[in-house]
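One-letter residues, chain by chain:
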Amino acid sequence: MSMDDVKTRGLVLLGCGKMGSAMLMGWLDGGLPASSVTVLAPRPSEWVKATGVNINTDLPDNPAVVLLAVKPQKMAEALPALTSLGNGSTVFLSVAAGLTLANYEDMLGADTPIVRAMPNTPAAVGRGITGIVGNAAVSAAQLDLADTLLQAVGQVVRLENEGQMRALTAVSGCGPAYVFHLIETMAAAGEKAGLSADLALQLARATVAGAGHLAENSEETPTQLRINVTSPNGVTAEALRVLMNEKDGFPPLLDRAIQAAMARDAELGQ
């Protein structure tokens, strides 16, 4: 199973919203011929139409991959059209939140190779991070292929078991929203402190983006980078005394947030 397999056997993309389109763009840029791709989508965008992929045509007989990128609540109505490809050598790769490997096995057949993936929204600009885990029917080569396909939108990590998906979702899946909220609250605090709204937002946005870039590209740990900014008894140290408070600072707050996200994920998975 390699990208050559995908070129010859084909790839089916079910759903082509933001995430599906971002991945499709990455694959086409990476050299996958448009003729190898079949997109199934009720309302394909003008961009998708212009790529030259097959849209809402007959399915290839034995595609290498079916990528499921519709919303979880749409899956039950969209998947029956593809059940003929279950229990075969086509690997199903799902980027829908919440649905388990067992859910897909129920819908497609227990011997169907299935890989569950959880990307996050920075995938839209090629800076995502995606966790993947396969069921018992997935071969090492198929998992490698899923990994390669998802690298089109950023980094990929492999989970040891499906149970870890819940924690990954709460950290990296939901995480961009936590960071956007940090930008919002930094900007609001800056405005309250006397800056114009535009300036406060520009400062907050650039600071978070720059610090994130530094954290990802520096040899030093985030802990060391934090220490580097903090002069003893200085201005930053005073702010951190509030933020790092073990009773009501960031550590207990973020822990509570992640626990709440995981609890909700468990409820939705019922």
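One can find the structure itself at the top, above this paragraph.
Heads up: these notes are all about the structure in this document. (Residues numbered from 1 in each chain as written. Predicted model: local features only at pLDDT ≥ 70, side-chain atom pairs only at ≥ 80, totals over all residues. Heavy atoms only, no water.)

1. Comments concerning unusual backbone geometry
Notably, asparagine 87 is not glycine yet its phi reads approximately 55 degrees, a positive angle. Structurally, asparagine 87 can be placed in the loop between α4 (75–78) and β5 (91–94). With a phi angle near 60 degrees, asparagine 233 is a residue other than glycine that sits in the positive phi range. Taking relative accessible area as the criterion, asparagine 233 reaches 81% and is therefore assigned exposed. (Helix = DSSP H or I, 4+ residues; strand = E, 2+ residues; numbered from the N terminus. Buried < 20%, exposed > 50% of the residue type's maximum accessible area, 1.4 Å probe, protein only.)

2. What about the side chain of threonine 230?
Secondary-structure assignment places threonine 230 in the loop between α10 (222–229) and α11 (235–243). A distance of 2.7 Å separates the side chain of threonine 230 from the backbone oxygen of arginine 226, its partner in a polar contact. Apart from the residues within four sequence positions on either side, threonine 230 is in contact with Thr236, Ala237 and Leu240. (Polar contact = N/O pair within 3.5 Å; in protein donor to acceptor, adjacent residues only side chain to side chain. Contact = heavy atoms within 4.5 Å.)

3. Observations regarding helix α8 (residues 175–192)
Relative to the 26 Å expected for 18 residues at 1.5 Å per residue, α8 spans 26 Å between its end C-alpha atoms, a close match to the ideal helical length. Restricting attention to buried positions, one finds in α8 the residues Gly175, Pro176, Ile183, Ala187 and Gly190. For α8, the buried positions fall inside an angular range of 125 degrees around the axis, keeping them on one side. Away from its buried face by more than 90 degrees, α8 exposes Glu184 and Lys192. Tucked into the core, α8 has its buried residues touching α7 (165–173) and α9 (197–217). Following α8 by one or two positions, glycine 194 adopts a phi angle in the positive range, close to 115 degrees. (Expected span 1.5 Å × (residues − 1). Arc of directions from axis to C-beta.)

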